[in-house]
Amino acid sequence: STFDHGGTAVRAMNARLVHRGPDAEGVYVDSSSGLALGARRPSVIEVAGGHQPISNEDGSIWAVLNGEIYNHPRLQTRLHRSGHSLGTSCDTEVLVHLYEDHGTELVHALEGMYAFAIWDAARRQLVLARDRFGEKPLFYAQSGG
């Protein structure tokens with residue numbers, strides 16, 4: 001089968017997960033690579049500005065998060081001090097900026113229960129991670145190579 005560059009398959013997967021997050025859903029599609037990220041979530045943190053997937057300032061790094069980063073307020077303060085401009089108070093946004101600064105080592109700064117995906121469009125690199133106990137599910141699929 002060929003990959004659907006419009007994100008239809010990911011939207012269908014999101015629809016199957018409506019019970020996991022009835023309040024919001026989002027899909028990001030990088031048509032040049034064929035990658036699509038999808039998220040479904042309940043409105044817990046940052047109801048208005050917490051739409052996922054979320055990107056860095058120039059749209060080169062995208063993230064989706066399932067769960068919660070407990071120490072995100074402290075991380076946001078640290079990111080502001082190091083010159084990042086955060087557009088929300090959403091815990092997902094800290095992922096893209098921590099990744100900019102630390103790459104995959106960002107996981108060492110995180111406290112919480114989470115699973116996330118980060119897409120680095122410039123490097124064409126997908127990073128998938130779960131907390132140490134694997135409390136939150138993370139689903140992925142590869143199709144057509």
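Residues numbered from 1 in each chain as written. Predicted model: local features only at pLDDT ≥ 70, side-chain atom pairs only at ≥ 80, totals over all residues. Heavy atoms only, no water.

## With respect to the overall build of the protein chain
1) Next: From N to C terminus, the protein chain includes three helices and six strands.
2) Next: Beginning at the N terminus, the succession of helices and strands in the protein chain can be written as α-β-β-β-β-α-α-β-β.
3) Next: Sorting the 145 residues of the protein chain into buried and exposed places 41% on the buried side.
4) Next: Expressed as a percentage of contacts within the protein chain between residues at least 6 apart in sequence, the contacts between residues at least 24 apart total 49%.
5) Next: Working note: accessible area of the protein chain is about 7,900 Å², and carbon and sulfur atoms make up 50% of it. (Helix = DSSP H or I, 4+ residues; strand = E, 2+ residues; numbered from the N terminus. Buried < 20%, exposed > 50% of the residue type's maximum accessible area, 1.4 Å probe, protein only. Contact = heavy atoms within 4.5 Å. Areas by Shrake-Rupley, 256 points an atom, 1.4 Å probe, with all protein chains shown as cover.)

## A few points about helix α3 (residues 91-102)
1) Next: Taking 1.5 Å per residue, twelve residues should reach 16 Å; α3 reaches 17 Å between its end C-alpha atoms and fits that length.
2) Next: If you check which residues of α3 are buried, you get Asp 91, Thr 92, Glu 93, Val 94, Leu 95, Val 96, His 97, Leu 98 and Tyr 99.
3) Next: Packing partners of the buried residues in α3 comprise β3 (54-55), β4 (61-69), α2 (72-81), β5 (112-120) and β6 (125-130).
4) Next: Once α3 finishes, Gly 103 follows within two positions and takes phi at roughly 60°, a positive value. (Expected span 1.5 Å × (residues − 1).)

## A short note on the pairing of β5
1) Next: Within β5, seven of the nine residues are buried, leaving the element largely enclosed by the surrounding structure.
2) Next: Two strands pair when backbone bridges link them, and β4 and β5 are joined in this way by nine bridges, in the antiparallel orientation. In the sheet register, Leu 65 faces β5, and the bridge partner there is Phe 116.
3) Next: Pairing analysis gives six bridges linking β5 to β6, with the strands arranged antiparallel. The residue of β6 that forms the bridge with Ile 118 is Val 127.
4) Next: Hairpin connection, β5 to β6: the antiparallel pair is bridged by four residues, and Arg 124 has positive phi, about 55°. (Pairing = 2+ DSSP bridges.)

## Things to note about the side chain of Asn 71
1) Next: Among the secondary structure elements, Asn 71 is positioned in the loop between β4 and α2.
2) Next: Of note is the side chain of Asn 71, whose polar atom sits 3.0 Å from the backbone nitrogen of Glu 111.
3) Next: Apart from residues no more than four positions distant in its own chain, Asn 71 is found in contact with Ala 109, Leu 110 and Glu 111. (Polar contact = N/O pair within 3.5 Å; in protein donor to acceptor, adjacent residues only side chain to side chain.)

## Section: the nonpolar core
1) Next: Core analysis: the biggest nonpolar cluster contains 20 residues, and Leu 75, Leu 95, Leu 98, Leu 106, Leu 110, Phe 116 and Ile 118 have the highest contact counts within it.
2) Next: Here this core gets five residues from one element, more than from any other, and that element is α3.
3) Next: By size, the runner-up hydrophobic cluster in this structure holds eight residues, among which are Leu 35, Ala 39, Trp 62 and Ala 117. (Core = buried A, V, L, I, M, F, W, Y, C linked by side-chain atoms within 4.5 Å.)

## Focus on a nonpolar patch on the surface
1) Next: Residues Leu 126, Leu 128 and Tyr 140 make up a contiguous nonpolar surface patch of roughly 320 Å² in combined accessible area.
2) Next: Here Leu 126 is to be found in strand β6. (Patch = residues over 30% accessible without salt bridge, like charges linked within 9 Å, V, L, I, M, F, W, Y side chains within 5 Å. Salt bridge = Lys/Arg side-chain N within 4 Å of Asp/Glu carboxyl O.)

By themselves, these are just geometric observations and shouldn't be taken as functional.
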